[in-house]
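Reading the structure
Here is what each chain is made of, one letter per residue.
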Amino acid sequence: MKLQFASAAIALVAALSPSVDAFSPATRPSGLVQRTSALRMSTTEVETTNGEAAAATGSGNKNVAQTEDTSREKVMTFSYDMSMEAKYEKPTYPGTGNGLSGDSGEYDIIVIGSGMGGLTCSALSAKYGSKVLCLESHIKVGGSAHTFSRMHNGEKYSFEVGPSIFEGLDRPSLNPLRMIFDILEETMPVETYKGLGFWTPEGYWRFPIGTKKGFEELLMEQCGEDGPKAIKEWNALRDRLKTLGGSTTAVALLNLRQDAGFLSTTAGALPFVAKNPDVFADLPLTFDDLSKTVDEIVTVPFVRNFIDCMCIFCGFPAKGAMTAHILYILERFFEESAAFSVPIGGTSQLGETLQRGLEKFGGKLQLNAHVDEILIEDNRAVGVRLKNGNVVKARKAVVSNATPFDTVKLMPQKEGESKKLTKWRDDLGTLPRHGAISHLFLGVDATGLDLSHLEDPAHLIVQDWNRSMQDSQNLCSFFIPSLLDKSVCPEGKHVIHVYSSGGEPYEPWEKLTPGSEEYEEYKKERVEILFQAVEKAIPDIRDRLEFTIIGSPLAHEAFLRRDRGTYGMAWAAGSSAPQAGILGSVLPFPFPNLKTPVDGLLRCGDSCFPGIGTPSAAASGAIAANTMTHVDNHLKLLEEASKKDPIYKFLDPGFMGQVYRPLVQGFTPSAELRTERFATGAGVAPVDYTQKNAERDAAASS
């Protein structure tokens with residue numbers, strides 16, 4: 001059992017770091033004190049420790065204050081008490097839908113939200129045989145991974161609104177999202193590139209992936225006489241984390257489920273654990289603050305800066321980030337086959353690919369269908385009430401892909417509810433979060449524009465190494481997909497998406513009226529740093545503009561359906577988050593449980609394990625889908641997946657999985673997820689949902 005526990009914990013580690021994809025940099029407030037004094041101040045208290053941040057009910061407003069003077073050592077989080085009712089009307093924007101679609105009906109599983117987590121959960125649940133409905137409030141699928149278009153002079157320009165940096169989508173890989181595409185037998189065309197551009201106080205440099213030698217040459221070039229020392233320290237860090245990094249090919253996130261069935265589905269990791277007994281001592285390190293290990297090993301400033309930049313994809317620099325977040329980079333980014341991908345047609349292709357998988361297996365996606373309330377009867381989620389008043393029933397489960405802050409809005413406190421539910425709602429509603437994001441979308445005339453100095457479409461910009469990586473006026477990124485994907489804009493043009501880190505304070509924005517003179521001026525003020533970032537690569541960018549669109553945190557909130565435009569939950573590594581479950585009592589597990597105190601109600605998305613990032617969010621949806629099905633179905637899917645490519649062979653737990661299978665069959669899915677279909681045999685035999693649903697539909701139509 002000790003070995004099995006270790007193998008399951010290793011599964012938690014595996015594929016965490018494929019969450020390397022887009023992030024958003026932010027802007028540091030100028031004149032913020034004067035501006036915010038006349039604005040609504042939320043009753044919030046934010047400290048640099050998780051416990052104090054979660055309390056967040058004191059006087060004053062440290063959300064804004066902490067952004068006025070940031071330092072490299074500061075970990076920033078933002079907190080709000082979601083039980084406090086907003087005293088102002090949220091702005092609405094054309095192009096986001098009115099949320100009034102959606103019919104009444106009955107399904108096995110209802111999923112709220114079509115982000116990567118929600119779509120993955122929906123598609124895999126449909127493949128498992130459940131009758132699934134995915135409800136999306138927006139008129140577009142994909143959550144943060146969608147694309148919008150703007151017509152200009154009769155021609156179409158398309159822009160990303162969220163993630164833009166993806167590794168491992170061009171081939172079968174350890175990226176959970178690519179694994180899911182292959183399991184669903186869906187393809188997504190991409191173009192690839194082999195590096196990231198960095199614009200820092202030292203000047204421009206490029207991080208090459210797929211070459212260990214190339215990275216060592218970069219260290220020698222950037223570190224001068226400390227070059228050999230930098231290489232030695234980098235390799236020492238890789239050696240220190242080698243055992244944990246090797247776990248990424250011992251077991252995958254797709255093997256995970258949250259019930260006794262995990263003993264069978266993760267049993268394939270037992271040989272790895274037996275050969276690497278030191279993994280026991282490293283289990284707490286997996287979820288601990290990465291900076292503790294970095295501080296012990298790395299002293300060269302350039303290497304420390306690089307590590308912080310790569311960690312910021314998860315929302316934190318090394319201080320605040322889980323050690324697990326860098327494992328994939330250490331292990332996989334230096335393999336020859338490593339490459340970043342640009343989805344042809346835009347990031348929206350991620351969601352559309354998953355949607356095809358969902359519909360292939362009989363699932364349904366309903367857009368423009370806003371959920372007003374999750375319906376609970378006798379402490380069980382039984383369905384949802386839509387904004388248009390229609391009720392959709394769930395025979396088995398409701399899964400929320402909304403943020404925890406948006407999920408609790410769907411569950412108003414009711415008289416006589418359990419104390420556990422009340423505490424859960426309070427805990428999730430006051431979790432620390434990352435700040436908001438500002439965007440700059442540019443349509444550019446490329447006539448005579450020489451971009452041969454830009455080898456890659458994705459670039460990160462750091463203004464000052466002494467300031468926080470989370471400071472929205474210090475760190476940002478720009479992405480030029482049209483360098484590789486000519487379909488996103490007219491010939492002779494380019495589209496550029498510039499975005500801040502997730503550290504933009506929301507308070508200065510919340511009472512500004514979109515379209516007002518004050519609002520428009522403040523938008524220009526806040527994104528000036530984003531313009532300056534692009535000018536580092538294209539000095540005459542302002543003279544080349546066809547048009548400019550500025551996306552404020554208010555627009556980010558409305559278009560991406562994320563409360564206060566947050567980048568995501570921000571529980572800094574090193575301690576367990578509230579509602580972390582059993583795992584949180586034995587390891588510093590920084591995520592609330594995907595299960596809830598309400599039977600038949602689960603969560604998925606970037607606020608669940610394994611965290612922020614498109615692949616991680618997709619993995620959370622897979623874990624939720626696995627948890628809702630019988631272990632036999634899960635094992636069958638893993639066996640099937642293992643045959644799709646040699647790299648996936650490790651997914652099948654094989655003989656050891658079959659050894660544990662009879663011991664756990666009767667406990668899957670767990671009791672609170674069983675319906676009348678599992679009454680016979682207490683779930684020992686898997687149910688053919690496809691056949692059951694066909695019989696039910698035939699009876700209903702006769």
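From a predicted model like this one, the values you see are computed outputs, not experimental measurements.

This part is about the packing of helix H6 (residues 176–183) against helix H16 (residues 348–360). Viewed as axis vectors pointing N to C, H6 and H16 meet at an angle of 35°, and their least axial separation amounts to 10 Å. The hand of the H6/H16 crossing is left-handed. Contact residues: Leu177, Ile180 and Phe181 in H6; Leu350, Thr353 and Leu354 in H16. Within the contact of H6 with H16, the residues separate by chemical class into five nonpolar, one polar and no charged.

Here we come to the confidence of the model for the protein chain. Detailed reading of the predicted coordinates is not advisable wherever pLDDT is low. Per-residue pLDDT for the protein chain has a mean of 87; in total, 88% of the residues score no lower than 70. Counted against residues more than four places away or in other chains, residues 1–7, with its pLDDT under 50, gives 23 contacts. Residue range residues 677–682 is modelled with pLDDT below 50. Its contacts to residues more than four positions away, or to other chains, number 16 contacts.

All chains considered together, the criterion is met by five cavities of 30 Å³ or more. By volume, the largest cavity amounts to about 150 Å³. Along its surface, the largest cavity is lined by 18 residues, and Cys314, Phe316, His325, Trp571 and Phe591 are the ones closest to its centre. Looking at the lining of the largest cavity residue by residue, the class counts come to 12 nonpolar, five polar and one charged.

Now for the nonpolar core. Within soluble globular proteins, side chains that are nonpolar generally end up buried alongside one another. The biggest cluster of nonpolar side chains holds 148 residues, and the ones touching the most others in it are Phe207, Trp234 and Ile307. Setting aside chain neighbours within four positions, we find Ile307 in contact with Trp234, Leu237, Leu290, Val294, Val298, Ala318 and Ile326. Listed in part, the 24 residues of the second largest apolar core include Ala446, Ile461, Val534 and Ile550.

What follows is about the pattern of salt bridges. In this structure the tally under the stated criterion is 39 salt bridges. Arg385 is the partner of Glu373 in a salt bridge, and the nearest nitrogen-oxygen pair spans 3.0 Å. A residue pair is termed long-range when its members are at least 10 positions apart, and Glu373 in strand S11 (residues 371–377) and Arg385 in strand S12 (residues 380–386) qualify at 12 residues. Under the relative-accessibility criterion, Glu373 is labelled buried at 15%. Where salt bridges share partners, they join Asp406, Lys409, Arg433, Asp563 and Arg564 into one cluster.

Glancing now at helix H24 (residues 654–664). Spacing of three or four residues puts side chains on the same side of an α-helix, whose turn is 3.6 residues. Every buried residue of H24 is accounted for by Gly657, Tyr660 and Val664. One face of H24 carries all of its buried residues, which in axial projection span an arc of 75°. Exposed side of H24, more than 90 degrees from the buried face: Phe655 and Pro662 are the residues found there.

Cut-offs and rules
Residues numbered from 1 in each chain as written. Predicted model: local features only at pLDDT ≥ 70, side-chain atom pairs only at ≥ 80, totals over all residues. Heavy atoms only, no water. Axes fitted to C-alpha atoms, helices over the stretch in contact; angles between N-to-C directions. Helix = DSSP H or I, 4+ residues; strand = E, 2+ residues; numbered from the N terminus. Left-handed = near helix turned anticlockwise from the far one by under 90°. Contact = heavy atoms within 4.5 Å. Nonpolar A, V, L, I, M, F, W, Y, C, P; charged D, E, K, R; others polar. pLDDT = per-residue confidence, 0-100. 1 Å grid on protein atoms, 1.4 Å probe; cavity = no way out; pocket = protein on both sides within 12 Å on 5 of 7 lines; lining within 4 Å. Points joined across faces, edges and corners; volume = space filled by probe spheres on them. Core = buried A, V, L, I, M, F, W, Y, C linked by side-chain atoms within 4.5 Å. Buried < 20%, exposed > 50% of the residue type's maximum accessible area, 1.4 Å probe, protein only. Salt bridge = Lys/Arg side-chain N within 4 Å of Asp/Glu carboxyl O. Arc of directions from axis to C-beta.

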